[in-house]
Amino acid sequence: MYKVVYDMDDVLNNLNKYVFSTLNLPLPEFFEIKSCGYTDEQKEKIISMYKDPETFRHLRLMPGARSITRAEKIFKDKEGNPLVSVWINTVSLNTDIVDVKKETVRVGIPGFDMSRMIAQVSDGHKHILEDADYVIEDNIQNIVKYPSKCKKILIDKTHNQGHAYNIADRDAGIIRVRNLKGAIRTVERDIAKREGYNPVNLIW
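Residues numbered from 1 in each chain as written. Predicted model: local features only at pLDDT ≥ 70, side-chain atom pairs only at ≥ 80, totals over all residues. Heavy atoms only, no water.

(A) Summary view of the pattern of salt bridges. Taken as a whole and judged by the stated rule, the model has 15 salt bridges. Between arginine 57 and glutamate 54 there is a salt bridge, with the nearest N and O atoms lying 3.0 Å from each other. Of the two residues, arginine 57 and glutamate 54 both sit in helix H3 (residues 53–57), 3 residues apart, roughly one turn of that helix. Of the charged contacts, one joins arginine 176 and aspartate 156 as a salt bridge, the two residues approaching to 2.7 Å between their closest N and O atoms. (Salt bridge = Lys/Arg side-chain N within 4 Å of Asp/Glu carboxyl O. Helix = DSSP H or I, 4+ residues; strand = E, 2+ residues; numbered from the N terminus.)

(B) Up close: the sheet that holds strand S4 (residues 134–137). If you trace the 6 strands from one edge of the open sheet to the other, you get S3-S2-S1-S4-S5-S6, paired in parallel fashion. Of all the strands in the sheet, just strand S3 (117–121) and strand S6 (174–177) have a single pairing partner and so form its edges. Each strand axis lies, on average, 20 degrees off the axis of its neighbour in the sheet, ignoring direction. As judged from the 4 bridges shared by S4 and strand S5 (residues 151–155), these two strands associate in the parallel manner. If you follow tyrosine 134 over to S5, its bridge partner there is lysine 151. Together, strand S2 (84–92) and S3 form the strand contacts of helix H5 (residues 95–108), whose direction differs from that of S3 by roughly 160 degrees. (Pairing = 2+ DSSP bridges. Axes fitted to C-alpha atoms, helices over the stretch in contact; angles between N-to-C directions. Contact = heavy atoms within 4.5 Å.)

(C) Structural context of empty space enclosed by the protein. Taken as a whole, this structure holds 1 cavity of 30 Å³ or more when the rule is applied. Reported here for the largest cavity is a volume of approximately 50 Å³. The wall of the largest cavity is formed by Met8, Asn13, Phe56, Leu59, Arg60, Leu61, Val100, Lys101 and Thr104. For the lining of the largest cavity, the element with the most residues is H5, which contributes 3 residues. Class assignment for the residues of the lining of the largest cavity results in 5 nonpolar, 2 polar and 2 charged. (1 Å grid on protein atoms, 1.4 Å probe; cavity = no way out; pocket = protein on both sides within 12 Å on 5 of 7 lines; lining within 4 Å. Points joined across faces, edges and corners; volume = space filled by probe spheres on them. Nonpolar A, V, L, I, M, F, W, Y, C, P; charged D, E, K, R; others polar.)

(D) Local environment of the nonpolar core. Counting 29 residues, the largest nonpolar core has Tyr6, Leu12, Ile88 and Ile136 as the members making the most contacts within it. Elements represented by at least two residues in this core include exactly strand S1 (2–6), S2, S4, S5 and helix H9 (180–195). Excluding residues that lie within four positions of it along the chain, isoleucine 136 makes contacts with Val4, Val5, Tyr6, Asp7, Val11, Ile153, Ile155, Ala183 and Val187. In this structure, Leu15, Phe20, Leu25 and Tyr50 belong to the second largest nonpolar core, which totals 14 residues. (Core = buried A, V, L, I, M, F, W, Y, C linked by side-chain atoms within 4.5 Å. Buried < 20%, exposed > 50% of the residue type's maximum accessible area, 1.4 Å probe, protein only.)

(E) Spotlight on the side chain of glutamine 120. Within the secondary structure, glutamine 120 is located in strand S3. Judged by relative accessible area, glutamine 120 falls into the buried class, the value being 14%. Side-chain polar atoms of glutamine 120 contact the backbone nitrogen of histidine 127, separated by 2.9 Å. (Polar contact = N/O pair within 3.5 Å; in protein donor to acceptor, adjacent residues only side chain to side chain.)

(F) How the structure looks around helix H2 (residues 40–51). Over its 12 residues, H2 runs 16 Å from end to end, which matches the ideal 16 Å to within 8%, given 1.5 Å per residue. Buried within H2 we find Lys43, Ile46, Met49 and Tyr50. With its buried residues spanning 125 degrees around the axis, H2 presents them on a single face. The exposed residues of H2 that point more than 90 degrees off its buried face are Asp40, Glu41 and Glu44. The inward-facing, buried residues of H2 abut helix H1 (15–22), H3 and H5. (Expected span 1.5 Å × (residues − 1). Arc of directions from axis to C-beta.)

Printed below as a string of structure tokens:
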């Protein structure tokens, strides 16, 4: 069974694009807002939006989000059992945001098994799923914590450029993709190769 783990903020949704366009600010250069060159007042407004469940009610799922469970339907063993399980692992600053995220996934990603959504409440620390075979993240510092056996797929963002963290993608085993659709294709093609499926028969 292949365990595929998706982050939510800035992977499945458009959190930063919404926050920074609302505040009319340039996108951040670092994941930690305190490390960015915004004024103290601007930082307070950014953090306030991150803490507000209303922010998350305005977000939209990224193109392709409804398809994250497709691999569960494509790849089966000889008895017809799924070879893939898809998970969501997300961190929120409070439980009200967790509730909004769960409703977003329940409504927006039909067929997703909600028991596989891990919704952590934390001020920044994220517990990783070390048994993951694939992880799709936007946080370069989180993704490098996964073991070498895990395929690390990073959605390219302004706040996760390797030079800013002294991390080289190749050395860290990171596969950088443009967007969520690219991440899904990368996962499906790799599993197809492992399982002997003909990628030509898979439609992306």
